[in-house]
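Chain by chain, the residues:
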Amino acid sequence: MNFKRHITLAVVAIGMLLATASANAADCESATVVRLGVNPANTFGGSNYFAQLDCANDSVWAGTVSFYLSSDLGDSGLATLLTATSLGQPVWVRTAGITTGSLVTVVYMNAP
């Protein structure tokens, strides 16, 4: 009986952690690339590509937040951010969280 209780509590705790992680995901329709580069000392996961983004809508996240590009985005995500930066265009991004070190999982360049 005690073993079942521990298993149930573990499953509930894992479910709560997963719900919290997905609840922090955010979509920003118009983000400005403030800084972009490579951080070989990345300890957060994802790629080593690092982007500081400022979302125009402060209700998504306030101020500039530093993100890593997910491994799936890789060079394509970096190219999209570099192109947007050179053209002075904002980007649409989906992030896995809104704190420093969170991952950018989707990025689009907004049309001029």
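The structure under discussion appears in the preceding block.
A brief look at the structure comes next. (Residues numbered from 1 in each chain as written. Predicted model: local features only at pLDDT ≥ 70, side-chain atom pairs only at ≥ 80, totals over all residues. Heavy atoms only, no water.)

### Section: the overall build of the protein chain
And then number 1: Within the protein chain, the secondary structure is distributed over two helices and five strands.
And then number 2: For the protein chain, the α and β elements follow one another from N to C terminus as α-β-β-β-α-β-β.
And then number 3: Relative to its full complement of 112 residues, the protein chain shows a buried share of 32%.
And then number 4: A total accessible area of about 6900 Å² is found for the protein chain, and carbon and sulfur atoms account for 60% of it. (Helix = DSSP H or I, 4+ residues; strand = E, 2+ residues; numbered from the N terminus. Buried < 20%, exposed > 50% of the residue type's maximum accessible area, 1.4 Å probe, protein only. Areas by Shrake-Rupley, 256 points an atom, 1.4 Å probe, with all protein chains shown as cover.)

### What about the side chain of Gln52?
And then number 1: Mapped onto the elements of the fold, Gln52 is located in strand β2 (residues 49-55).
And then number 2: Dropping the residues within four chain positions of it, Gln52 is found in contact with Thr32, Val33, Val34, Arg35, Thr64, Val65 and Ser66. (Contact = heavy atoms within 4.5 Å.)

### Considering the state of the cysteines
And then number 1: Summed over all chains, the structure comprises one disulfide.
And then number 2: There is a disulfide in this structure between Cys28 and Cys55, and the S-S distance comes to 2.1 Å. Because the torsion about its S-S bond is 100 degrees, the bridge between Cys28 and Cys55 counts as right-handed. Here Cys55 lies in strand β2 and Cys28 lies in strand β1 (residues 26-38), a separation of 27 residues in the sequence. (Disulfide = S-S within 2.5 Å.)

### A short note on the pattern of salt bridges
For side chains of opposite charge, pairing can occur when their charged atoms come near one another.
And then number 1: Under the counting rule described, the total for this entry stands at one salt bridge.
And then number 2: One salt bridge connects Asp27 with Arg94, and the closest N-O pair in it is separated by 2.7 Å. Of the two residues, Asp27 is situated in strand β1 and Arg94 in strand β4 (residues 91-95); the sequence distance between them amounts to 67 residues. (Salt bridge = Lys/Arg side-chain N within 4 Å of Asp/Glu carboxyl O.)

### Regarding the packing of aromatic side chains
And then number 1: Going through the model one piece at a time under the given rule, you end up with three aromatic pairs.
And then number 2: Arranged with centres 5.5 Å apart and planes meeting at 50 degrees, the rings of Trp92 and Tyr108 form a pair that is tilted. Within this pair, whereas Trp92 is found in strand β4, its partner Tyr108 is found in strand β5 (residues 103-109), the two being separated by 16 residues in sequence. (Phe/Tyr/Trp six-rings, centres within 6.5 Å; stacked < 30°, edge-to-face > 60°.)

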